Amino acid sequence: MGGTSRPPSIFPLSRLWKREHGPDYVPVEGTEENEDTTAARIESTNTLSRHSLKIRRWQYLTSGMIWGLTILAAILLLNLLLSIARTLWGIEDDPDKIFGNWGKQGSGTEGLAWYPTDFLRDVVPIRCHSHNDYWRKVPLFSALHAGCIGVEADVWLFDDDSELYVGHDTAALTPNRTFESLYVNPLVELLNRTNPQTQFYNDTRRGVFDYDPEQAVILLVDLKTDGAKTWPHVLTQLEPLRSRNWLTYFDNGVLHQRQVTVVGTGNTPFDLVVKNSTYRDTFFDAPLADMWEDPDASDSLSTEEGFTYNDTNSVYASTSLWEAVGFVLGSFSEKQLRTIRGQIKGAHRRGLKVRYWETPGWPINLRNKVWHTLMEEGADMLNVDDLKSASRADW
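Draft legend 1. Structural context of the overall build of the protein. Each helix and strand counted, the protein has eleven helices and twelve strands in total. Per-residue burial over the protein gives 39% buried out of 395 residues. In the protein, 65% of the contacts between residues at least 6 apart in sequence involve partners at least 24 apart. Working note: accessible area of the protein is about 23,500 Å², and carbon and sulfur atoms make up 54% of it.

See the structure below:
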């Protein structure tokens, strides 16, 4: 049998790259030429991602600008409110601003002989002691302008020199910063101004504060050198105040209050302070740590007991708060409060003013809490370094 031979089937190569479709096939995007769109989709996705990234960056930038402007506006508003508060309540940015020309050439202060006339006119005295007062911009004046009724001067005496130099240590001493130039002479000048001799007034009893002319200033003199040698020089240099009857004095059992009360501390010898048993015009800073009494015991004991330290020979009873109660964590413990109450009780029974030094200065909230607690418990003087903060609270 024979048959017709059929040619071999040929599979074109083009079919490897292009599929044939049935009559119902509808090409994507309406064209068969771009059947494979993977690359196009990837490119489109990348384009969209870059566009989205640009949009997000712009959004972040815009949001940051809005927040920045909001914070700036809040700061400006807060500053405005603080300025209004200062105006309404009389809060000064710098209480020493009144002394802005101090020490400048041509101001008359080069020799420490210039004194403002009205800087104490409306100052209300407060129970604060200017610790290390000689560190102030203007010693004595800065403290008085803040209302402090107590100031402190550290004095040094050197061989072959009768001058008393004022400073925290020998490296801080200078020839013109002396006990007389920083404290004695300025007090004399101030009291001369508050006690003018005119047709309307002819007396010498007014103190430095116009608001309370009866308020005395307590001058605490801290002897840094040998007490037996230094104390006589202190007594001698107080003569301008003594001769004008401006020093508080004790005479024949009676205490006479005057404009300036001088108290010796540091190396001051107690025996020299009380050497004259009937008259003295300087007093002692008694050791508060030695005066503790049971705060829970009755007060039936007589105050006429023979105390070594009393209001005839001492004014302050002082001690380091750190040495008295140790470290203060947030607030006083009951044990610490009992120590403080016992010391205050003992000092007050002797007629003395309680002063704690070496109180914490930081953190500020701890410092303020310690200040308030001490005054609430009965301390009489607040020992301060920050005059501005001390003058803004009610003690």
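Draft legend 2. Representation of the packing of aromatic side chains. Inspection of every chain in the model, using the stated rule, returns seven aromatic pairs. For the pair Tyr134 and Trp135, a centre-to-centre distance of 6.0 Å together with 75° between the ring planes defines the contact as edge-to-face. Using a relative accessible area of 54% as the deciding quantity, one classes Trp135 as exposed. Linked through ring pairs, Phe270, Phe284 and Tyr309 together constitute an aromatic cluster. Its guanidinium or amino end placed over the ring of Phe307, Arg350 lies 4.1 Å from that ring's centre, counting from NZ or CZ. One Lys or Arg, Arg367, reaches over the ring of Trp371 and ends 4.4 Å from the middle of that ring.

Draft legend 3. The arrangement of the sheet that holds strand β6 (residues 254-256) in detail. What the three strands build is an open sheet, ordered β6-β5-β8; its pairing is antiparallel. Where the open sheet ends on each side, the last strands, each with one partner, are β6 and β8 (279-280). The pairing of strand β5 (residues 249-251) with β6 spans three bridges and is classified as antiparallel. Within the sheet, the bridge partner assigned to Tyr249 lies in β6 and is His256.

The rules behind these values
- Residues numbered from 1 in each chain as written.
- Predicted model: local features only at pLDDT ≥ 70, side-chain atom pairs only at ≥ 80, totals over all residues.
- Heavy atoms only, no water.
- Helix = DSSP H or I, 4+ residues; strand = E, 2+ residues; numbered from the N terminus.
- Buried < 20%, exposed > 50% of the residue type's maximum accessible area, 1.4 Å probe, protein only.
- Contact = heavy atoms within 4.5 Å.
- Areas by Shrake-Rupley, 256 points an atom, 1.4 Å probe, with all protein chains shown as cover.
- Phe/Tyr/Trp six-rings, centres within 6.5 Å; stacked < 30°, edge-to-face > 60°.
- Lys NZ or Arg CZ within 6 Å of the ring centre and 35° of its normal.
- Pairing = 2+ DSSP bridges.

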